[in-house]
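Geometric and topological summary
Listed here are the chains, written in short residue letters.
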Amino acid sequence: MNRAELLVRLQRVQQLPQMQGRNIRSIAAVLSTEALLKHVEVCEAQAEKAALRQ
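About the criteria used
Residues numbered from 1 in each chain as written. Predicted model: local features only at pLDDT ≥ 70, side-chain atom pairs only at ≥ 80, totals over all residues. Heavy atoms only, no water. Helix = DSSP H or I, 4+ residues; strand = E, 2+ residues; numbered from the N terminus. Polar contact = N/O pair within 3.5 Å; in protein donor to acceptor, adjacent residues only side chain to side chain. Contact = heavy atoms within 4.5 Å. Axes fitted to C-alpha atoms, helices over the stretch in contact; angles between N-to-C directions. Parallel < 35°, antiparallel > 145°, perpendicular 65-115°, else oblique. Left-handed = near helix turned anticlockwise from the far one by under 90°. Nonpolar A, V, L, I, M, F, W, Y, C, P; charged D, E, K, R; others polar. Buried < 20%, exposed > 50% of the residue type's maximum accessible area, 1.4 Å probe, protein only.

Observations regarding the side chain of Gln 18
- Note on placement: Gln 18 falls in the loop between α1 (3-14) and α2 (33-53).
- Of the polar contacts made by the side chain of Gln 18, one reaches the backbone oxygen of Ala 47; its length is 3.2 Å.
- Excluding residues within four positions of it along the chain, Gln 18 makes contact with Ala 47, Ala 50, Ala 51 and Gln 54.

Some details on the packing of α1 against α2
- Two numbers describe how α1 lies on α2: the axes approach to 10 Å, and their chain directions differ by 25 degrees. Classified by the angle between their axes, α1 and α2 sit roughly parallel to one another. The way α1 lies across α2 gives a crossing that is left-handed. Counting all contacts with α1, which are made through Arg 3, Leu 6, Leu 7, Arg 9, Leu 10 and Val 13, the residues of α2 involved are Thr 33, Leu 36, Leu 37, His 39, Val 40, Glu 41, Cys 43, Glu 44 and Ala 47.
- Of the residues that constitute the contact of α1 with α2, the class distribution is nine nonpolar, two polar and four charged.

Description of the environment of Gln 14
- Relative to the helices and strands, Gln 14 resides in helix α1.
- Given a relative accessible area of 14%, Gln 14 falls into the buried group.
- Sequence separation of Gln 14 and Glu 34 is 20 residues, and the distance between their C-alpha atoms is 19 Å.
- Once residues lying within four places of it in the same chain are set aside, the contact partners of Gln 14 are Met 19, Gln 20, Arg 22, Asn 23, Ile 24 and Arg 25.

Structure follows, in structure tokens:
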């Protein structure tokens, strides 16, 4: 997966109600592609976990 696709995934996660008020995208500028992939995966997992609690 390339960097642009990862940024799109991150943007989608940022827009979820569970992630409102959190700034998860600003760090993307300094992360390597591999680190960005991990960040996206962690954020997606957190959003899913939060959705299950609601």
